[in-house]
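A closer look at the structure
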Amino acid sequence: MPLSERTHTSQSTSSASKRRKVDATSEAGPSSSFNGSGSSGDRGRGHAKSKGGADDADEDDTKPGLSKMKAALRQTKRLLARDDLPPDARQQAQRRLQALTHDVQTRERENVERENARNSHRARFFERQKLVRRIKQLKTTLSQGEAKDASVTEAQLFEARVRLNYVLNWPHEHPYVALFPARGDAPFVSLDEMISADVSPNRATTDESHSRAHKVRAEMEAAMRRGEMTDPETLLEAGGSDSDEDQA
């Protein structure tokens, strides 16, 4: 092949090679740029998540849970066990120990009350409805003069109100004792059994939970007789109650 042709062929091959390199670089350029921006975006999103997590941690620090409070209490006790603790630091730690002990006890009591209220919510809801209906029936019987013995009906009405206050104001530091249990004996006689003043509302029992129920009922009755409690059905109709029915 003549020299001029070989030179022309070599130049053509070199130009084609350069064009392929340029094309390859152009194709790779946008892809690399896209990947780079994507990585930057991911890092930005990751930073945002980390910042949110820090905010959550700050919120937990401002509202410590029971486990954190107990951990702080243990740490304070370990600090007070040191023999080389300066007097000022010891006095400060003792005050902190007293405050933490009170806070832990309060939180534990609140947790127990919340759990007991949640567990008994369904039973208290249906018992409240049943007693409200019975109170309405007894009031209608009295107002229409249909009672065979008005004094007995009035006593039953009062007892129904006592029991409704029992449901609404049960102290939740103890598990709730149902008025109408699905199994076992009820702590009180039925309203229909209270046909005279000689009939006690309490069933004779040695059950500790029933004894507690009798005590709570007695407190409700005493408060009503002192005028410290209004008729509970009136309070419910007005939309107010000391009960936590809507919170459980």
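Thresholds applied
- Residues numbered from 1 in each chain as written.
- Predicted model: local features only at pLDDT ≥ 70, side-chain atom pairs only at ≥ 80, totals over all residues.
- Heavy atoms only, no water.
- Helix = DSSP H or I, 4+ residues; strand = E, 2+ residues; numbered from the N terminus.
- Areas by Shrake-Rupley, 256 points an atom, 1.4 Å probe, with all protein chains shown as cover.
- Axes fitted to C-alpha atoms, helices over the stretch in contact; angles between N-to-C directions.
- Parallel < 35°, antiparallel > 145°, perpendicular 65-115°, else oblique.
- Left-handed = near helix turned anticlockwise from the far one by under 90°.
- Contact = heavy atoms within 4.5 Å.
- pLDDT = per-residue confidence, 0-100.
- Core = buried A, V, L, I, M, F, W, Y, C linked by side-chain atoms within 4.5 Å.
- Buried < 20%, exposed > 50% of the residue type's maximum accessible area, 1.4 Å probe, protein only.
- Phe/Tyr/Trp six-rings, centres within 6.5 Å; stacked < 30°, edge-to-face > 60°.
- Bend = angle between axes of the 7 residues up to and from the residue.
- Salt bridge = Lys/Arg side-chain N within 4 Å of Asp/Glu carboxyl O.

**Concerning the overall build of the chain**
What the chain contains, in helices and strands, is six helices and zero strands. For the chain, the succession of helices and strands along the chain, N to C, is α-α-α-α-α-α. With an accessible surface of roughly 17,100 Å², the chain has 50% of that area assigned to carbon and sulfur atoms.

**Regarding the packing of helix 3 (residues 87-143) against helix 4 (residues 150-168)**
The N-to-C vectors of helix 3 and helix 4 enclose an angle of 155 degrees; their axes lie 9 Å apart at closest approach. Put simply, helix 3 runs roughly antiparallel to helix 4. Here helix 3 and helix 4 pass one another in a crossing that is left-handed. Contacts between helix 3 and helix 4 involve Arg124, Glu127, Arg128, Leu131, Val132, Arg134, Ile135, Leu138, Lys139 and Leu142 from the first element and Ala150, Thr153, Glu154, Gln156, Leu157, Ala160, Arg161, Arg163, Leu164, Val167 and Leu168 from the second.

**Comments concerning the confidence of the model for the chain**
With 71% of its residues at a pLDDT of 70 or more, the chain has an overall mean of 79. Helix 5 (residues 208-225) holds the highest mean pLDDT among the elements of the chain, 96, whereas helix 1 (residues 3-62) holds the lowest, 44. The low-confidence segment residues 6-10, where pLDDT is below 50, has one contact with residues more than four positions distant or belonging to other chains.

**Some words on the nonpolar core**
With 23 residues, the main nonpolar core has Tyr166, Val167, Trp170, Tyr176 and Leu179 as its most contacted residues. If you list the elements that add at least two residues to this core, you get helix 3, helix 4 and helix 5. Considering every element that reaches this core, the biggest residue donor is helix 4, with seven residues. Grouped together as the second largest cluster of nonpolar side chains are five residues, Met69, Ala72, Leu100 and Val104 included.

**Here's the deal with the packing of aromatic side chains**
Overall, the coordinates contain five aromatic pairs when judged by the stated rule. Taken together, a centroid distance of 5.5 Å and an interplanar angle of 85 degrees make the contact between tryptophan 170 and tyrosine 176 edge-to-face. Take tryptophan 170: its relative accessible area is 3%, and that puts it in the buried class. A network of ring pairs unites the aromatic residues Tyr166, Trp170, Tyr176 and Phe188 as a single cluster.

**Things to note about helix 3**
Along its length, helix 3 shows its largest kink, about 55 degrees, at histidine 121. Looking one or two residues beyond helix 3, the residue adopting positive phi is glycine 145, at roughly 65 degrees.

**A word on the side chain of asparagine 165**
Its location among the elements puts asparagine 165 in helix 4. Relative accessible area serves as the criterion here: at 4%, asparagine 165 is assigned to the buried category. When neighbours within four sequence positions are excluded, asparagine 165 is seen to be in contact with Met220, Met224, Met229, Thr230 and Pro232.

**Points about the environment of leucine 85**
Following the sequence through the fold, leucine 85 ends up in the loop between helix 2 (66-80) and helix 3. With a relative accessible area of 9%, leucine 85 lands in the buried category. Leave out the neighbours within four places in its chain, and leucine 85 touches Leu79, Leu80 and Arg90.

**Some points on the pattern of salt bridges**
All chains considered together, the criterion is met by 15 salt bridges. Where glutamate 159 meets arginine 217, a salt bridge forms, and the shortest distance between an N and an O atom there is 2.7 Å. Residue glutamate 159 is found in helix 4, and its partner arginine 217 is found in helix 5; the two are separated by 58 residues along the sequence. The class of glutamate 159 is buried, set by a relative accessible area of 2%. Residue classification places arginine 217 among the buried positions, given a relative accessible area of 5%.

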